[in-house]
Amino acid sequence: MIAGEEGRRVLQAAFDGLTLDEALRAAEAAAPYADILEIGTPLIVLEGMRAVRAFRRAFPDKTLLADIKVMDGGALQAAYCFDAGASVITVLAGAGEATIRCCRERAAESGGDVAADLTNTEALPAAVGRLVRLGIRRLIVHRSLDRIRAEGGSSLEDLKIVKAAADALPGLSPALRLYAAGGITSETAGAYTAAGADGLIVGSALLGAPDIAAEAAKLRAVLDS
């Protein structure tokens, strides 16, 4: 677990669909209220590790998550991200055990962490047990953008399933942390915290707001309430 997250609900601000300069300006507005700044997958596709390095220069003391969604080549991709300044990387929950272990080993060498993204994962309770057995303690319950556009809905029901599966496991050290993602706003955030989310990952609601800082402050207030 990254220092400073213990005992508090976390706001992770995600930056996608922007140029690097635009993302840095948006992050500057959100940073006073966000615990984690996420360099999103599309931004990394567009800018590569340049984006991670730029965020680290701009925010030397912030926890940075590189959302690379590793499925293979775990050691190399993790090394790229941690060497560029990432604090956390993402691996897809369906990745092979060897890939997940490689990511965790690189994270341990760098003092970082690995989050498993459960997007489009079937049999969620079994997936939770498998990931915990592999040493993952940070799970992202995520309804993908494509699925939201095609089907609507939210990740709230999946969060409840994952929370129940996590609660059924024996005591874990460090504790398992659940993060929810996918269309969350300051109006819906309370439902996720009530369902057991330890952190919320918010992108579009922040980036689409007329005042990013004000929206981030609203989310922070929900998390702190």
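Up top is the structure.
Now for a description of the structure that goes with this document. On a predicted model such as this, the values are computed, not experimentally measured, just so you know.

A few words now on the layout of surface pockets. By volume, the largest pocket amounts to about 660 Å³. For the largest pocket, the lining is made up of 29 residues, of which D16, H142, L145, G182 and S204 are closest to its centre. Contributing elements (two or more residues each) for the lining of the largest pocket: β1 (10–15), α2 (41–47), β3 (63–70), β6 (138–142), α7 (145–151), β8 (199–202) and α10 (204–207). Tallied by class, residues from the lining of the largest pocket come to 12 nonpolar, 10 polar and 7 charged. Roughly 150 Å³ of volume is contained in the second largest pocket. As for the second largest pocket, its lining consists of 11 residues, and the residues nearest its centre are R104, G112, D113, V114 and G135. Taken together, the elements giving at least two residues each to the lining of the second largest pocket come down to α5 (97–110) and β5 (113–117). The element best represented in the lining of the second largest pocket is α5, accounting for 3 residues. Residue composition of the lining of the second largest pocket, by class: 6 nonpolar, 2 polar and 3 charged.

Bringing the nonpolar core into the picture now. Residues F55 and L139 are the most contacted members of the largest nonpolar core, which totals 71 residues. The greatest single-element share of this core, amounting to 6 residues, is contributed by helix α1 (residues 20–30). Discounting residues that sit within four places of it in the chain, L139 has contacts with A116, L118, V128, L131, V162, L176, R177, L178 and Y179. Among the nonpolar cores identified, the runner-up in size contains 10 residues, and V10, I36, L65 and I201 belong to it.

Another aspect to go through is the packing of α1 against helix α11 (residues 212–224). Put simply, α1 and α11 touch, their axes get as near as 8 Å, and they point 45° apart. Relative to α11, the element α1 lies oblique. Between α1 and α11 lies a crossing of right-handed hand. Note on element contacts: α11 touches α1 through I212, A213 and A216, opposite A26, A29 and A30. Residue composition of the contact of α1 with α11, grouped by class: 6 nonpolar, no polar and no charged.

Let us now look at the pattern of salt bridges. Within the structure shown, the criterion is met by 14 salt bridges. The residue E47 makes a salt bridge to R50 at a minimum N-O spacing of 2.4 Å. Judged by relative accessible area, E47 falls into the partly exposed class, the value being 23%. Residues participating in the shared-partner salt-bridge network are R8, D35, R220 and D224.

The rules we used
Residues numbered from 1 in each chain as written. Predicted model: local features only at pLDDT ≥ 70, side-chain atom pairs only at ≥ 80, totals over all residues. Heavy atoms only, no water. 1 Å grid on protein atoms, 1.4 Å probe; cavity = no way out; pocket = protein on both sides within 12 Å on 5 of 7 lines; lining within 4 Å. Points joined across faces, edges and corners; volume = space filled by probe spheres on them. Helix = DSSP H or I, 4+ residues; strand = E, 2+ residues; numbered from the N terminus. Nonpolar A, V, L, I, M, F, W, Y, C, P; charged D, E, K, R; others polar. Core = buried A, V, L, I, M, F, W, Y, C linked by side-chain atoms within 4.5 Å. Buried < 20%, exposed > 50% of the residue type's maximum accessible area, 1.4 Å probe, protein only. Contact = heavy atoms within 4.5 Å. Axes fitted to C-alpha atoms, helices over the stretch in contact; angles between N-to-C directions. Parallel < 35°, antiparallel > 145°, perpendicular 65-115°, else oblique. Left-handed = near helix turned anticlockwise from the far one by under 90°. Salt bridge = Lys/Arg side-chain N within 4 Å of Asp/Glu carboxyl O.

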